[in-house]
Amino acid sequence: VTADDYVSRVAFELRDLPWGVRRDLVSGLRGHLDELPEGTYLEERLGTPEEYAADLRAAAGLERRRGVVAFLLARRPRNVVLAAVALTATGLAIGFVVWVQTYQPLSFAGGGLDPARTREAPAQNSESVVFHKGRPFELGTTVENTGSFTVRVLGVADVEGPFTARLLMAQARRDPGVHGPFTRFRPFDLKPGEIRALVLKGVYAGCPSPWAPGTSAILASLPVRFAFLWRTTTTRVPLLQQLAIVVPRRQRCR
Amino acid sequence: VDQAQLLKGVLELAVLAVIARGETYGYEILSTLEGAGFEGVGDASVYGTLRRLEQAGHLTSRLAASDSGPARKYYAVTASGTEQLRTGTDAWKSISGALGGLVAP
């Protein structure tokens, strides 16, 4: 067995000891082996590495150590620090990704725009409007960024209802009122505390299933798409009140 | 009775006695002990004893360059080591005398 092998095997047997203690013992052994005459058969003079480690441990009064603390103390301090830093960085990175993936700062600001001739149904905490094919239709809500970071509002996903409309937007404000002028929607950055009105403007159109005559289309929110860092998602921003678009029984679809 | 076990029992005293003669290093301590008849004591026991005595404050050490290789660790006896040696020597004389009376032909 070579001196290096011998030292390695002794070090392995002492692996439970604190790193500094093991380093001193191993260093002392290496120095001792260097002092031995050339050609000394190590196991004949010192015993096996396992026996040497056991004798050394017994004479030095170093008991075998177990447990998490002993495990950590037996590691090189620099490696423990590096591992702790790596773990912390990984945890922070995971936490950051989870936070971004769940970050949703958009909420209803309190203002809304109903179609003309909308009637309230207070008992049901909702509103209703009668479908009139070809007549103007508009529906809006206000979106507020209640978070601490700017997000980019990308638009409103398809809203299913008996109408065709295009999406308009108002200027950024600090109050929840729905005020014109409205311009064609373009993606915009919504800063913390800012409010914007989003309005669907068009006409009542078609009455395909499931909005056949005698049924109602219920709208309670608008699916607003937004982007934050690498993530794009959709959140539902409530309307002022739930709206039922009632398709009369006499309405002809075709 | 295993001689090695008997020697181990007084190894601490022997190591202190060797170092008390003057600052010295591990291999030289071993050689001195072997020359004095401590051949059955393993190298590991001597190095382990050196560490225990140093940890107990009975020895101090310093690294010094050597002509033949890496730096050597030189040991010296501290005041508490000197006291330990004196106490141990008295105990040894007492035991040796008592045992001598029992085992003498």
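In this text the structure is predicted, and so the values were computed from the model without any measurement. (Residues numbered from 1 in each chain as written. Chains lettered and ligands numbered in written order. Predicted model: local features only at pLDDT ≥ 70, side-chain atom pairs only at ≥ 80, totals over all residues. Heavy atoms only, no water.)

1. Overview of the overall build of chain B
A count of helices and strands for chain B gives five helices and three strands. Order of helices (α) and strands (β) in chain B, N terminus to C terminus: α-α-β-α-α-β-β-α. Taken over 105 residues, chain B has a buried fraction of 37%. Across chain B, every contact between residues at least 6 apart in sequence was considered, and the portion connecting residues at least 24 apart equals 53%. For chain B, the accessible surface area stands at approximately 5,800 Å², while carbon and sulfur atoms represent 55% of it. (Helix = DSSP H or I, 4+ residues; strand = E, 2+ residues; numbered from the N terminus. Buried < 20%, exposed > 50% of the residue type's maximum accessible area, 1.4 Å probe, protein only. Contact = heavy atoms within 4.5 Å. Areas by Shrake-Rupley, 256 points an atom, 1.4 Å probe, with all protein chains shown as cover.)

2. What to know about the sheet that holds strand β2 (residues 59-64) of chain B
Two pairing modes exist for strands in a sheet, parallel and antiparallel, and in both the strands are linked by backbone hydrogen bonds. Residue and element names in this part refer to chain B. The antiparallel open sheet is built from three strands, whose spatial order is β1-β3-β2. With partners counted over all chains shown, the strands left at the sheet margins are β1 (24-25) and β2, one partner each. Of the strand pairs in this sheet, β2 and strand β3 (residues 72-77) are connected by six bridges, and their pairing is antiparallel. Bridging across to β3, L59 finds its partner in V77. Against the sheet, helix α4 (residues 43-55) touches β2 and β3, its axis set at about 115° to β2. (Pairing = 2+ DSSP bridges. Axes fitted to C-alpha atoms, helices over the stretch in contact; angles between N-to-C directions.)

3. Overview of the interface of chain B and chain A
By a widely used convention, the size of an interface equals the accessible area lost when the partners come together. Each partner contributes residues to the interface: chain B has 16 residues there, and chain A has 17 residues. Overall, the association of chain B and chain A removes approximately 1,400 Å² of surface from exposure, summing both partners, and the carbon and sulfur fraction of that is 54%. There are three salt bridges connecting chain B and chain A. Across the salt bridge formed by E34 of chain B and R45 of chain A, the nearest N and O atoms sit 3.2 Å from each other. Inspection of the region where chain B meets chain A yields six residue pairs in polar contact (both at pLDDT 80 or more). Looking at the side of chain B that touches chain A element by element, the count peaks at eight residues for α4 of chain B. Looking at the side of chain B that touches chain A residue by residue, the class counts come to six nonpolar, four polar and six charged. (Buried area = accessible area lost by both parts, 1.4 Å probe. Salt bridge = Lys/Arg side-chain N within 4 Å of Asp/Glu carboxyl O. Polar contact = N/O pair within 3.5 Å; in protein donor to acceptor, adjacent residues only side chain to side chain. Nonpolar A, V, L, I, M, F, W, Y, C, P; charged D, E, K, R; others polar.)

4. Quick look at the pattern of salt bridges
This model, assessed by the stated rule, comprises 17 salt bridges over all chains. R57 of chain A is paired through a salt bridge with D16 of chain A; the nearest N and O atoms lie 2.8 Å apart. Placement of the pair is R57 of chain A in helix α4 (residues 49-60) and D16 of chain A in the loop between α1 (3-13) and α2 (19-35), with a sequence separation of 41 residues. Just as R57 of chain A is buried, D16 of chain A falls in that class too. For E35 of chain A, the salt bridge identified is with R72 of chain B, shortest N-O distance 2.5 Å. Of the two residues, E35 of chain A is situated in helix α2 and R72 of chain B in strand β3; the pairing between them involves two chains. With a relative accessible area of 17%, E35 of chain A lands in the buried category. Connected through shared salt-bridge partners, R9, E43 and E50 of chain A make up one network.

5. What about the sheet that holds strand β1 (residues 106-113) of chain A?
Residue and element names in this part refer to chain A. Sheet architecture is open: five strands sit in the order β1-β4-β9-β6-β7, paired in antiparallel fashion. Strands at the two margins of the open sheet, each flanked by one partner only, are β1 and β7 (183-184). Here strand β6 (residues 163-169) pairs with strand β9 (residues 195-204) via seven bridges, running antiparallel. Counted as the bridge partner of L168 is V199 from β9.

6. Some points on the packing of aromatic side chains
Scanning the model with the defined rule gives 14 aromatic pairs over all chains in all. Taken together, a centroid distance of 6.1 Å and an interplanar angle of 75° make the contact between Y6 of chain A and Y52 of chain A edge-to-face. Taken as a pair, Y6 of chain A in helix α1 and Y52 of chain A in helix α4 lie far apart in primary sequence, 46 residues in all. With respect to class, Y6 of chain A is no different from Y52 of chain A; both count as buried. Between Y25 of chain B and Y74 of chain B, the aromatic rings sit 5.3 Å apart at their centres with planes inclined by 65°, giving edge-to-face as the arrangement. Separated by 49 residues along the polypeptide, Y25 of chain B in strand β1 and Y74 of chain B in strand β3 bring together distant segments of the chain. (Phe/Tyr/Trp six-rings, centres within 6.5 Å; stacked < 30°, edge-to-face > 60°.)

7. Focus: the side chain of T142 of chain A
All names here are of chain A. Inspection of the secondary structure puts T142 in strand β4 (residues 136-145). A polar contact is formed between the side chain of T142 and the backbone nitrogen of G110, at a distance of 3.4 Å. If we ignore the near neighbours within four places in the chain, the residues touching T142 are S107, F108, A109, G110, G111, P176, G177, V178, I195, R196, A197 and V237.

8. A closer look at a nonpolar patch on the surface
All names here are of chain A. The grouping of F96, V97, W99, F149, L229 and W230 at the surface amounts to a nonpolar patch, some 600 Å² of accessible area in total. Within the secondary structure layout, L229 lies in the loop between β10 (216-228) and β11 (231-246). Take L229: its relative accessible area is 55%, and that puts it in the exposed class. (Patch = residues over 30% accessible without salt bridge, like charges linked within 9 Å, V, L, I, M, F, W, Y side chains within 5 Å.)

9. A short note on unusual backbone geometry
Residues and elements named next belong to chain A. A cis geometry characterises the amide bond from G180 onward to P181, with omega recorded as 0°. Within the secondary structure layout, P181 lies in the loop between β6 and β7. Positive phi values are uncommon outside glycine, yet R117 reaches one of about 70°. Examined against the element boundaries, R117 turns out to sit in the loop between β1 and β2 (119-121). The backbone of L229 sits at a positive phi, close to 55°, despite the residue not being glycine.

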